[in-house]
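Letter by letter, the chains look like this.
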Amino acid sequence: DAKTTQPTSMDCAEGRAANLPCNHSTISGNEYVYWYRQIHSQGPQYIIHGLKNNETNEMASLIITEDRKSSTLILPHATLRDTAVYYCIVRVGGYGNKLVFGAGTILRVKS
Amino acid sequence: GAGVSQTPSNKVTEKGKYVELRCDPISGHTALYWYRQSLGQGPEFLIYFQGTGAADDSGLPNDRFFAVRPEGSVSTLKIQRTERGDSAVYLCASSLSTGSDHNEQFFGPGTRLTVL
């Protein structure tokens, strides 16, 4: 699986958009970009994934650059409950493929 | 509906002892994963089951670690001769096994293991 690079931590004001970047310059053509988050003392939670098109769901939006070497997770209106560690993962689609987590980005949403 | 459950939530043991950690996946999920998370780090893959068989055990650190899933549902992670370095949160996840490219892994809350 391709390696990802994320900032160690970020702060965001409550109600503002949180933009979390991820670099994955060695991503292969069949690898998806996945985002999970982990709130303190809980297991990781799936947020969103994409291959090459931008994606949006009820939680977030995912913007993938045209060359697929980087992406940005956008939380449109961050709340205090969005404070968590956010993991950007690249992996081949299908079942049975393990998730390879890095250290992630600690997002602190402040009032 | 019920999510992935793990028992116990906390386990304290002494160095050299044997421990068993249990995972109850979401009903109908044939894929089951174990991960280990040390303080300040992301989860690290241990083993993946498809049904009753271990399809990928490449993440097990050594032969003190073993996992079973005899009926294709509940899984038990077994650690022999525990060492202080085994202290971590052990996470279990399950997913469907469909032909889709996306099969979301649902995680349990984890078991915090402390080896004294």
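Going by the structure above, here's the rest.
Engineer: Sorry if this is basic, but what is going on with the state of the cysteines here?
Structural biologist: Simply put, the disulfide is a covalent bond whose two ends are the sulfur atoms of two cysteines. Across all of its chains, the model carries two disulfides over all chains by this definition. Covalently, Cys22(A) is tied to Cys88(A) through a disulfide, its sulfur atoms 2.1 Å apart. Every disulfide takes its handedness from the sign of the S-S torsion; for Cys22(A) and Cys88(A) that torsion is -80°, giving left-handed. A residue pair is termed long-range when its members are at least 10 positions apart, and Cys22(A) in strand β2 (residues 18-23) and Cys88(A) in strand β8 (residues 84-92) qualify at 66 residues. Accessibility expressed as a relative area gives 0% for Cys88(A), which makes it buried. Between Cys23(B) and Cys92(B) runs a disulfide, and the two sulfur atoms are separated by 1.9 Å. With the S-S dihedral at roughly -65°, the linkage between Cys23(B) and Cys92(B) falls on the left-handed side. Here Cys23(B) is found in strand β3 (residues 19-24), whereas its partner Cys92(B) is found in strand β9 (residues 88-95), with 69 residues between them in sequence. Judged on exposure class, the residue Cys23(B) and its partner Cys92(B) are both buried. The thiol sulfur of Cys12(A) is not disulfide-bonded, and the nearest other cysteine sulfur, from Cys22(A), lies at 18 Å. By relative accessible area, Cys12(A) is classed as buried at 7%.

Engineer: Hey, could you run me through the interface of chain A and chain B in this one?
Structural biologist: For interface size, the figure often reported is the accessible area lost on association. Contact with chain A, which involves 21 residues of that partner, is made by 24 residues of chain B. There are zero salt bridges connecting chain A and chain B. Mapped onto the side of chain A that touches chain B, the elements with two or more residues apiece are β3 (31-38), β4 (45-50) and β8 of chain A. Among the residues making up the side of chain A that touches chain B, the classes are represented as 10 nonpolar, nine polar and two charged.

Engineer: Explain the packing of aromatic side chains here, please?
Structural biologist: For any pair of aromatic rings, the description rests on two quantities: the centre-to-centre distance and the angle between the ring planes. Applying the stated criterion to the full structure yields 12 aromatic pairs over all chains. Relative to Tyr46(A), the ring of Tyr36(A) has its centre 5.8 Å away and its plane inclined at 75°; by these criteria the two rings are edge-to-face. Taken as a pair, Tyr36(A) in strand β3 and Tyr46(A) in strand β4 lie far apart in primary sequence, 10 residues in all. Owing to a relative accessible area of 13%, Tyr46(A) belongs among the buried residues under this scheme. Arranged with centres 5.9 Å apart and planes meeting at 75°, the rings of Tyr35(B) and Phe45(B) form a pair that is edge-to-face. Pair noted here: Tyr35(B) is in strand β4 (residues 31-37) and Phe45(B) is in strand β5 (residues 44-50), with a separation of 10 residues, a long-range link. Each member of the pair Tyr35(B) and Phe45(B) is classed as buried.

Rules used throughout
Residues numbered from 1 in each chain as written. Chains lettered and ligands numbered in written order. Predicted model: local features only at pLDDT ≥ 70, side-chain atom pairs only at ≥ 80, totals over all residues. Heavy atoms only, no water. Disulfide = S-S within 2.5 Å. Helix = DSSP H or I, 4+ residues; strand = E, 2+ residues; numbered from the N terminus. Buried < 20%, exposed > 50% of the residue type's maximum accessible area, 1.4 Å probe, protein only. Contact = heavy atoms within 4.5 Å. Salt bridge = Lys/Arg side-chain N within 4 Å of Asp/Glu carboxyl O. Nonpolar A, V, L, I, M, F, W, Y, C, P; charged D, E, K, R; others polar. Phe/Tyr/Trp six-rings, centres within 6.5 Å; stacked < 30°, edge-to-face > 60°.

Shape is all these values report; function is a separate question.
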